[in-house]
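Residue-level structural notes
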Amino acid sequence: MISNLYQSTSLRALFRKSQFSIFALTFVICSFTFATISIFTMETYAKQNLQLLSQTLLERIQPAVVFKDKGAIDQILADYTTEHAIRSIHVYDPEHQLLAESTKQIDHTSFLQSVLDKWFLHDPIKLTVIHHKKQVGELVLYGSSENILHFLKTIILGLAISMFFIVIALLWSVNLTYRQIMQAIKPLTHIAQLVSDQKAYNLRFPNNQIKEFQNLNMVFNELLEEIQIWHTHLQKENRQLSFQAHHDQLTSLPNRHYFYEEIINIFKNKQYRHNSALIFIDNNKFKIINDQYGHLAGDAVLREMASRLMLSVRQEDFIARLGGDEFAIILHTIHHADHLQAIAESLLASCKEPLDFNGQLIHFSFSLGIAFSQFADNPDDLVMQADQAMYKAKNLNPHWFLYKPEI
């Protein structure tokens, strides 16, 4: 709905529209100004030329008027109306009687020429024919705007040709400018896309030859730097929060919630489904240690248990503190019960040495309950089997027991 209402346009279209608008406005103003100046210049030139023609004609026609040679007058008038931009010529005697006249013979007079005749050459040129300081006649000459019209047609044709080449140059200029801007924008869009898709806040916009884009790049780079700092800070906080949510504060081991996620993964992963084992560990005299040495000593024992257990298993095995004095170990790639016996003996041996707490030697021990994942149908079964095995191990010596299903 929104996309239908909002119609976007390309940068190239905007350039073309704006430059063509400027071109059209400039062309109209310049053409009108140039045509107006040219017409009025041509008008002045035409009138001056008409004045000179009139003077020349007067000198040629004077003898014929004096002798009233109508044939010579007609011939001279016909030559002038034919060869020059003259609409008509009239010759009158002193009593203002028409002696002769000549009008230019043309097949068709254009409407524009008629308009120009009325605008610029409406008034005739009147000259008195004088012989021996005596008026012998009068010459009346009407100019024609045919040269002005021809000049206008030439101007219009020249403007049309100029407009064609200007349009070609304008299109070339628009495309060149568009390519330059797109070359400047392309790195920006590429970096922005990477930042958006991959959250690559470490990237920076490159230097740009266009000053405005360079200023924009500097602003965005400062913004990216701030975002990167905040992103790094948030990642660090998220890691800390995630660690706190999945680990025990006292021992820094994975907590019960993390432990159950790993147990569920055993039954989801075919690689671990039939060759994993779970060991439940419980301190045998933790309540006595707390009562005799205090809770700080008890905490020290728990930290020591965590440290010794970690040193007694492989790197790929998973150790967690379930709460209180209970720990759990998830073992992978266990194929034989003999392996479990060796691991159990190694774990029990890790608590033989007492803990030196503020000069006091604290002896502690724990019991191990072991269960195979292949004998359990689901995570709850595996946890229950290991828990049952641990309680049986408390009454045994050594304190470990492997759960075996009843046949």
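Here the structure is shown first, and the text comes after it.
We now turn to the structure provided with this report. (Residues numbered from 1 in each chain as written. Predicted model: local features only at pLDDT ≥ 70, side-chain atom pairs only at ≥ 80, totals over all residues. Heavy atoms only, no water.)

1. Details of the nonpolar core
- Counting 35 residues, the largest nonpolar core has Ile279, Ile281, Ile329, Phe366 and Leu368 as the members making the most contacts within it.
- Contributions of two or more residues to this core are made by β5 (277-283), α9 (286-293), α10 (295-312), β7 (326-331), α11 (337-349), β8 (355-357), β10 (366-372) and β11 (400-402).
- Sorting elements by how many residues they give to this core places α10 first, with seven residues.
- For Ile279, the contacting residues outside a window of four places in its chain are Phe327, Ala328, Ile329, Leu331, Ile343, Leu347, Leu368, Gly369 and Ile370. (Core = buried A, V, L, I, M, F, W, Y, C linked by side-chain atoms within 4.5 Å. Buried < 20%, exposed > 50% of the residue type's maximum accessible area, 1.4 Å probe, protein only. Helix = DSSP H or I, 4+ residues; strand = E, 2+ residues; numbered from the N terminus. Contact = heavy atoms within 4.5 Å.)

2. Points about the sheet that holds β7
- Strand order across the open sheet formed by five strands is β6-β7-β5-β10-β11, with mixed pairing between neighbours. This sheet does not close on itself; its edge strands, each paired only once, are β6 (318-323) and β11. Ignoring strand direction, the axes of neighbouring strands in this sheet form an average angle of 20°.
- One ladder, built from six bridges, connects β5 with β7; its direction is antiparallel. Within β7, the residue paired with Ile281 across the bridge is Phe327.
- Contacting β5, β6, β7 and β10, α10 crosses the sheet at an angle of about 10° to β7.
- Running over the sheet, helix α12 (residues 379-393) touches β5, β10 and β11 and is turned about 145° from β10. (Pairing = 2+ DSSP bridges. Axes fitted to C-alpha atoms, helices over the stretch in contact; angles between N-to-C directions.)

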